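Tertiary structure, described
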2 protein chains.
Amino acid sequence: MKTLPAEIERGSMAIIAAELRERGIMLPPENAAVVMRCIHASADFDYAENLRFTPGAVEAAVEALRRGAEIVTDTNMALAGISRPGLGKLGGAAYCFMADEEIARAAKERGTTRAAAAMDHAAAHHPGAILAVGNAPTALFRIVEKIGAGLRPALVIGVPVGFVNVVESKERILAVCTEYGVPAIVALGRKGGSSIAAAICNALIYTAAEMLDPKERG
Amino acid sequence: MKTLPAEIERGSMAIIAAELRERGIMLPPENAAVVMRCIHASADFDYAENLRFTPGAVEAAVEALRRGAEIVTDTNMALAGISRPGLGKLGGAAYCFMADEEIARAAKERGTTRAAAAMDHAAAHHPGAILAVGNAPTALFRIVEKIGAGLRPALVIGVPVGFVNVVESKERILAVCTEYGVPAIVALGRKGGSSIAAAICNALIYTAAEMLDPKERG
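Keep in mind that what you see is a predicted model, and the values were worked out from it rather than measured.

**Looking at the packing of helix α2 (residues 29-42) of chain B against helix α11 (residues 194-209) of chain B**
Two numbers describe a pair of packed helices, the interaxial angle and the distance between the axes. Residues and elements named next belong to chain B. The interhelical angle for the contact between α2 and α11, taken along N-to-C directions, is 140°, at an axis separation of 8 Å. With respect to α11, the axis of α2 lies oblique. Considering only the axes of α2 and α11, their crossing is right-handed. Between α2 and α11, the contacting residues are Ala33, Val34, Arg37, Cys38, Ala41 and Ser42 on the first element and Ser195, Ile196, Ala199, Ile200, Asn202, Ala203, Leu204, Tyr206 and Thr207 on the second. Residue classes in the contact of α2 with α11 are distributed as 10 nonpolar, 4 polar and 1 charged.

**Description of the pairing of strand β5 (residues 155-158) of chain B**
All names here are of chain B. Burial of β5 is two-sided: the residues Leu155 and Ile157 facing one way and the residues Val156 and Gly158 facing the other way are all buried. Two strands pair when backbone bridges link them, and strand β4 (residues 130-133) and β5 are joined in this way by 4 bridges, in the parallel orientation. Bridge assignment links Ala132 to a residue of β5, and that residue is Ile157. Note that the unit made of β4, helix α9 (residues 137-148) and β5 has a crossover that is right-handed.

**A closer look at the environment of Asp120 of chain B**
Residues and elements named next belong to chain B. Looking at the element boundaries, Asp120 is found in helix α8 (residues 114-125). Note on Asp120: relative accessible area 12%, which makes it buried. The spatial distance from the C-alpha of Asp120 to the C-alpha of Phe45 is 34 Å, given a sequence separation of 75 residues. Sequence-distant contacts of Asp120, defined by excluding residues within four places in its chain, comprise Arg110, Arg142 and Lys146.

**Re the relation of the copies chain A and chain B**
Note that the two copies of the chain are related through a rotation about an axis and a translation along the same axis. The operation relating chain A to chain B is a screw motion whose rotation component is 180°, with 0.0 Å of axial translation and a residual RMSD of 0.0 Å. Seen this way, the second copy is the image of the first under a two-fold rotation axis. Within chain A, the C-alpha atom positioned nearest to the axis of rotation is that of Met77 of chain A, 2.4 Å from it. Counting the interface residues of chain A, we find that 98% of their copies in chain B are interface residues as well, pointing to one common contact surface.

**What to know about the sheet that holds strand β6 (residues 184-187) of chain B**
All names here are of chain B. Read from one edge to the other, the open sheet built from 6 strands follows the order β1-β6-β5-β4-β2-β3, with strand pairing classed as mixed. Of all strands in the sheet, those bounded by a partner on one side alone are β1 (51-53) and β3 (94-96). Strand-to-strand twist of the sheet, defined as the mean angle between neighbouring strand axes without regard to direction, takes the value 15°. Sheet topology note: the β5/β6 ladder contains 3 bridges and is parallel. Paired with Ile157 across the bridge in β6 is Ile185. Along the sheet face, helix α10 (residues 166-180) touches β1, β5 and β6 and points at about 160° away from the line of β6.

**As for the nonpolar core**
Counting residues in each nonpolar core, the largest one holds 172 residues, and the members touching the most others are Leu204 of chain A together with Leu204 of chain B. The biggest single contributor to this core is helix α11 (residues 194-209) of chain A, with 12 residues. Discounting residues that sit within four places of it in the chain, Leu204 of chain B has contacts with Val34, Val58, Ala61, Val62, Leu65, Leu155, Ile157 and Ile185 of chain B.

Scoring rules and cut-offs
Along each chain, numbering runs from 1 in the same order as the chain's sequence is written. Chain letters start at A and ligand numbers start at 1, both assigned in the order the entries are written. It should be noted that, the model being predicted, local features are given only for residues of pLDDT at least 70 and side-chain atom pairs only at 80 or more, the latter also being counted only at that level, while totals for whole chains, interfaces and linings use all residues. Side-chain measures here rest on the full set of heavy atoms in the structure, leaving out hydrogens and waters. Only the contacting stretch of a helix is used when fitting its axis, a line to C-alpha atoms as for every element, and angles between N-to-C directions run 0 to 180 degrees. Runs of E in the DSSP output that reach at least two residues are strands. Runs of H or I that reach at least four are helices, and both are numbered from the N terminus. Any angle from 65 to 115 degrees is called roughly perpendicular, while one under 35 is roughly parallel, one over 145 is roughly antiparallel, and all others are oblique. For a crossing to be left-handed, the near helix must be turned anticlockwise from the far one by less than a right angle; the clockwise case is right-handed. Contacts are residue-level and defined by heavy atoms, with any inter-residue pair within 4.5 Å sufficient. Each residue receives one of three labels: charged for Asp, Glu, Lys and Arg, nonpolar for Ala, Val, Leu, Ile, Met, Phe, Trp, Tyr, Cys and Pro, and polar for the others, Gly being one of them. Remark: exposure states derive from per-residue accessible area (1.4 Å probe, protein chains only) relative to the maximum for the residue type, with buried under 20%, exposed over 50%, and partly exposed in between. Each pair of strands is called paired provided DSSP finds at least two bridges between the two strands. Look down the strands so they point away from you; if going from the first strand over the helix to the second traces a clockwise path, that crossover is right-handed. What sets the superposition is a least-squares fit of C-alpha atoms, and only residues with pLDDT of at least 70 in both copies go into it. What we call a nonpolar core is a set of buried Ala, Val, Leu, Ile, Met, Phe, Trp, Tyr and Cys residues that are connected through their side-chain atoms within 4.5 Å.

Quick look at the structure:
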């Protein structure tokens, strides 16, 4: 039985690649690492179909990470899943402001969600960051407004999961990012979540850091 | 647009219930909260089909949580996703030992994975805990051994995701838990992950704490 994490990861990726071939799915090479890591994190081949990339999004994000770009995410679960060794190697950092008292207070004062208030904070204090949204449609809608007002994040990852406002929020962010030339990776439809947000971040981090198999897995 | 977290959650659950009806799926009432929260966390209706419960597993777990049972999980992502207000209300706590130096050292000494060493630690120091495995098949295989040697966890949640050893580990833990009368909730097949492990924990916690909509969501 394979038990070494590196062996298991190689084995998993080989199985995913073989099943993609069987399904007749050809991934554009520049997007393959991201798509495969989403399938790896979910065992759900829908991610071979529902992910959308603005042109050059992966290249732009990898370059940003190599320059030490920060990541701001809307869930502490995604934050916990983002590879620290990888980000550390690149000189980057990752943040989630959802549990901050200051954000809770700001949300209450402005009559908005914590997720939207967290993105206000990110726009003000981390304007060139990668914004990774795995949970809250209101975070994506707030990013849409901010881009209209001039914000230029290094990348928007739009992968909230759910049944209410989710599909619309992802279509909207993709349209706006396309219009304004902001790199974006979006999972159209209902699917996504914190583990998908983390998987996309990690695929980009591993590519940027030229790491093969950094994650412990037993 | 609905933006209040409680409103969104109610709306989501109503959509999930309606789509289950459309698909002709009748969930056993005692398992419905767990199944629906897994679908809520993934937007993947496969969880209406792949989850297996040993008889009385939900009731046993809810009673254990009401007595203050602890949760030990094999990923920091799942740990980050488990409802702290809910657990706090019940007097419980949640732990993940994967990042502990002591566990890394023990794994190295014994030539095993960190996940297996983390379960050794859980068996020794938290023997009546709920063991929630969202990532590592080797953690499940180690729990199988421990149950054979007399360990009686309050519940085993077996939902690792992946392509190598995963399916086998879940079939094995379900068989062993059934044989020894240990409550278990298992997602057969490849699917699962940290967000599913957390979703199952939270469904049980909310039921035990009689909470309706504790989670912030924007």
